[in-house]
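Chain by chain, the residues run as shown.
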Amino acid sequence: MDPQEWNAYVQKIATCDYPIPAGMINNYNDWKHRSIVGRMLYLLKDVEGAMAVLATVRDVVPNMDDAPDYGLSEAEHKVLCLRDIANIVFSLTGMGDAAIVYLKQADKICRDYKYVFRSASRGAIWTRQLEIMRDCGLGDEADSKALACLKGEGACGNGIDSHYLVPGTNTYIYHAYKFLAESAALHEDYAKAARLLAEGYRFFPLSDAGKQDLARAAACETAKEQYYSYEHCTTIQYLPWEKTNAPTVDEVRKLQYRKYLERLAAKQEAEGVGADILKAEQKDKE
């Protein structure tokens with residue numbers, strides 16, 4: 001890729017409807033910059049440009065010990081690039097095997113990475129393989145893989161449980177249930193589909209709003225209405241899957257109050273010192 005072509009892609013990303021400052025993406029020698037540009041081009045439906053840039057990241061080996069306090073790790077950058085490459089390959093060629101090669105690489109990084117993922121759900125990366133298999137006419141085999149996960153015959157987390165924000169949640173198990181529910185809905189077995197999604201939500205991190213939404217879904221009169229109400233809930237990430245270093249609203253408020261008390265104490269101390277000095281000066285004058 002020549003500099004003129006690269007600069008054109010950077011300019012396109014820096015001036016789109018969701019612009020990223022050029023200073024964060026213009027260094028071609030930083031593969032993470034190329035990762036961001038390639039994925040944004042794909043988001044903007046510039047498939048040719050996206051593939052041209054993402055191809056330069058395809059063989060990069062991420063540092064699996066990179067765990068920044070903020071932003072994406074190298075592992076996450078690589079996973080998201082492989083996911084988008086797989087989707088592009090499948091959309092252009094219709095060849096599921098070729099796309100799944102990239103998704104398997106992405107899934108392995110997800111399972112091997114021992115730190116927090118702040119971006120995509122690891123389970124969603126895994127089930128994308130199953131979705132492509134289903135689209136290629138291998139739905140029964142894909143369902144078997146999802147069932148194997150639920151039965152414990154397939155890896156459903158591989159030791160990342162300690163990262164989950166809410167104990168007992170599991171992104172792999174949830175997405176396995178979600179995939180099977182979608183398969184049942186495709187066969188118009190909405191009662192089974194709704195039941196599977198309801199079971200899957202036992203492993204999903206829910207806020208109070210999420211619990212209310214699920215209660216409304218469960219109260220729907222027909223199985224079809226119930227399923228689609230549950231399915232709508234799948235579009236909402238009520239809580240993060242994994243623990244992050246970002247403080248909660250309550251933590252921010254507590255921090256603000258503690259800082260206020262510290263400032264108040266410092267002010268009172270300064271005023272006290274000032275008063276003592278004034279008294280001493282007055283005493284000297286007397």
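See the structure above.
Residues numbered from 1 in each chain as written. Predicted model: local features only at pLDDT ≥ 70, side-chain atom pairs only at ≥ 80, totals over all residues. Heavy atoms only, no water.

## Thoughts on the pattern of salt bridges
Where we set the bar: By salt bridge we mean one thing: a side-chain nitrogen of Lys or Arg within 4 Å of a carboxyl oxygen of Asp or Glu. Going along the chain from the N terminus, every DSSP run of H or I of four or more residues is numbered as a helix, and every run of E of two or more is numbered as a strand.
For the structure on display, the rule yields 13 salt bridges. Note that glutamate 74 and lysine 32 form a salt bridge whose closest N and O atoms lie 4.0 Å from each other. One end of the pair, glutamate 74, is in helix H4 (residues 74-93); the other, lysine 32, is in helix H2 (residues 31-43), and 42 residues separate them in sequence. Connected via shared salt-bridge partners are Asp30, Lys32 and Glu74.

## A short note on the nonpolar core
Selection rule: Each nonpolar core is a collection of buried residues, namely Ala, Val, Leu, Ile, Met, Phe, Trp, Tyr and Cys, held together in the definition by side-chain atoms within 4.5 Å. Think of it in three bands: with a 1.4 Å probe and only protein chains considered, a residue is buried below 20% of the maximum accessible area for its type, exposed above 50%, and partly exposed in between. Here, two residues are considered to be in contact whenever any of their heavy atoms come within 4.5 Å of each other.
Counting 72 residues, the largest nonpolar core has Val37 and Tyr227 as the members making the most contacts within it. Ignoring any residue separated from it by four or fewer positions in sequence, one finds tyrosine 227 in contact with Ala181, Glu182, Ala185, Tyr190, Ala193, Ala194 and Leu197.

## Some remarks on the environment of alanine 99
With respect to the helices and strands, the residue alanine 99 is situated in helix H5 (residues 96-112). Between the C-alpha atom of alanine 99 and that of isoleucine 88, which follows or precedes it by 11 residues, the distance is 8.2 Å.

## Details of the packing of H2 against helix H3 (residues 47-54)
Threshold: Geometry is summarised by axes, namely lines fitted to C-alpha atoms with helices restricted to the contacting stretch, and by angles between N-to-C directions that run from 0 to 180 degrees. Our angle categories are set so that under 35 degrees counts as roughly parallel, over 145 as roughly antiparallel, 65 to 115 as roughly perpendicular, and the remainder as oblique. Handedness of each helix crossing follows the sense of rotation of the near helix against the far helix: counterclockwise by less than a right angle gives left-handed, clockwise gives right-handed. Gly falls in the polar group here, along with every residue not listed as nonpolar (Ala, Val, Leu, Ile, Met, Phe, Trp, Tyr, Cys, Pro) or charged (Asp, Glu, Lys, Arg).
The contact between H2 and H3 brings their axes to 7 Å, and the two run at 160°. As far as their axial angle goes, H3 and H2 are roughly antiparallel. As H2 packs across H3, the resulting crossing turns out to be left-handed. Only Gly49, Ala50, Val53 and Leu54 of H3 make contact with H2, whose side of the interface consists of Arg34, Ser35, Val37, Gly38, Arg39, Leu41 and Tyr42. The residue makeup of the contact of H2 with H3, split by class, is 6 nonpolar, 3 polar and 2 charged.

## Considerations on the packing of helix H6 (residues 122-135) against helix H7 (residues 139-150)
Contact geometry of H6 with H7 gives a least axis separation of 7 Å together with a crossing angle of 155°. Between H6 and H7, the angle is such that the two are roughly antiparallel. For the crossing formed where H6 meets H7, the hand is left-handed. Across from Trp126, Leu130, Met133 and Arg134 in H6, the residues of H7 making contact are Gly139, Glu141, Ala142, Lys145, Ala146 and Cys149. Residue composition of the contact of H6 with H7, grouped by class: 6 nonpolar, 1 polar and 3 charged.

## Concerning unusual backbone geometry
Within the chain, lysine 45 stands out as a residue other than glycine whose phi angle is a positive 70°. Non-glycine residue glutamate 188 carries a positive phi angle of around 60°. Looking at where glutamate 188 falls in the secondary structure, it is placed in the loop between helix H8 (171-186) and helix H9 (190-200).

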